[in-house]
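# Survey of secondary and tertiary structure
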Amino acid sequence: MTGFGRAEGSCSNTGWTWEIRAVNGKGLDVRLKLPNGMERLEPLARKLCTAKLSRGNIQVSLTARSTKGGAVPTVNDAALQQVLNHLVEIERDSAVQLSTGAQILGLRGVMELAEPKMSDEESAALEQDVLAGLTVALDALNDHRGNEGSALGEVLLGHLTTVEKLTALAEADPARSSEAIAEKLQAQLTQLGELAAGIDRDRLYQEVALMVTKADIREELDRLAAHTIAARELISMGSPIGRKLEFLAQEFNRESNTLCSKSNSVSLTEIGLELKVVIDQFREQILNVE
């Protein structure tokens, strides 16, 4: 199910922002993008995500910025000492003009821009605040997905209502009766004319009984009704139900296929095909369910 969640705040002179984007997925795939220096938060952040989410492709990104005004110039003492040692040798052995302090500081690696260092207490407080913010962003994502899920639930219930109506039509179809099957067989025999005159009546009744048995869709109708009840109960429970609904959709499809294969009339075949259409629509929407 798609959704978006965001949270921001600041702690220990550092501002932070979480952004989470979710799209449909059969399982749960969480991808984290953390700024340099905060990679150690990944295991805890991933644990929070898996506790709050059960399905979807999830993109989670954290940005951080200093609220002290950015990085400050810092002298790399080790690099400066090495440069000075080389300058002493160069100026002693050659007639070159002495280097100024500004020139030395301008050499790469001598002067660096660095973020102000935090104490251990400040770092721990920042991590705790950032992880609390991730919980807020995840809750916002779930609220967004929940609103979409409510609308999607109505769509799924509409498909189930259509399945119920088509099941009732198949139940009431007159072509299911043994009388209709016998009449159809008698009409076929009449078309054969003299060839059918020698057919034994007992054998005819046996064939009718066999055709009635093969054409009986009572079991399929009962299972369609049971699956519809189960699907409605799942939808009323709320997430996570996506995988269970996928299984029911497969069962719906199996029963509709069997109904079509057992059909002995155009009307039943049409009902079976309509069932397949609405079940396919049901299956497509289930991909959006967590």
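Every chain is numbered independently, its residues counted from 1 as its sequence is written. Only residues with pLDDT of at least 70 get local features here, since the model is predicted, and only at 80 or more are side-chain atom pairs given and counted; chain-wide, interface and lining totals rely on the full set of residues. Side-chain measures here rest on the full set of heavy atoms in the structure, leaving out hydrogens and waters.

Right, let's talk about the pairing of strand E3 (residues 28–33) for a bit. Pairing between strands is defined by DSSP: at least two bridges between them are needed. Helix and strand definitions here come from DSSP, where helices need a minimum of 4 consecutive H or I residues and strands a minimum of 2 consecutive E residues; each element is numbered from the N-terminal end. Relative to strand E4 (residues 56–66), E3 runs parallel, the two sharing six bridges. Counterpart to Asp29 in the pairing with E4 is Asn57. Handedness of the β-α-β unit built from E3, helix H1 (residues 42–52) and E4 comes out left-handed. Classification remark: right-handed applies to a crossover when, strands pointing away from the viewer, the course from the first strand over the helix to the second runs clockwise.

Fitted lines through C-alpha atoms give the axes, limited to the stretch in contact for helices. The angle between two N-to-C directions lies from 0 to 180 degrees. Between helix H7 (residues 218–237) and helix H8 (residues 242–262), the shortest axis-to-axis distance is 10 Å and the interhelical angle comes to 160°. It follows from the interaxial angle that H7 and H8 lie roughly antiparallel. In this structure, H7 meets H8 at a crossing whose hand is left-handed. Residues Glu220, Leu221, Arg223, Leu224, His227, Thr228, Ala230, Ala231, Leu234 and Ile235 of H7 form the contact with H8, whose participating residues are Lys244, Leu245, Leu248, Glu251, Phe252, Glu255, Thr258, Leu259 and Lys262. Classification used: nonpolar for Ala, Val, Leu, Ile, Met, Phe, Trp, Tyr, Cys and Pro, charged for Asp, Glu, Lys and Arg, polar for all others including Gly. Counted by class, the contact of H7 with H8 contains 10 nonpolar, three polar and six charged residues. By the definition adopted for this analysis, an angle is roughly parallel if under 35 degrees, roughly antiparallel if over 145, roughly perpendicular if from 65 to 115, and oblique otherwise. Left-handed describes a crossing whose near helix is turned anticlockwise from the far helix by less than a right angle; the clockwise case is right-handed. The contact criterion used is simple: two residues touch if any of their non-hydrogen atoms lie within 4.5 Å.

This part covers the nonpolar core. Leu156, Ala170, Ala231, Leu245, Phe252, Leu275 and Phe282 are the most contacted members of the largest nonpolar core, which has 26 residues in total. At the level of secondary structure, the elements contributing two or more residues to this core comprise helix H4 (120–172), H7, H8 and helix H9 (266–286). A per-element tally of this core places H9 first, with seven residues. Discounting chain neighbours no more than four positions away, the residues touching Leu275 are Val163, Leu166, Leu224, Ser256 and Leu259. Val30, Leu41, Ala137 and Leu138 belong to the second largest nonpolar core, which has 24 residues in total. Residues grouped as a nonpolar core are buried Ala, Val, Leu, Ile, Met, Phe, Trp, Tyr and Cys residues, joined through side-chain atoms within 4.5 Å. Only protein chains enter the calculation, and the probe is 1.4 Å; a residue is then buried if its accessible area is under 20% of its type maximum, exposed if over 50%, and partly exposed in between.

Let us look at the packing of H4 against H9. With their axes 10 Å apart at the nearest point, H4 and H9 run at an angle of 165° to one another. Overall, the two elements H4 and H9 adopt an arrangement that is roughly antiparallel. Remark: the crossing between H4 and H9 carries left-handed chirality. The residues of H9 that touch H4, namely those facing Leu152, Val155, Leu156, His159, Leu160, Thr162, Val163, Leu166, Leu169 and Ala170, are Leu268, Ile271, Glu274, Leu275, Val278, Ile279, Gln281, Phe282, Gln285 and Ile286.

Geometric values such as these leave the question of function open.
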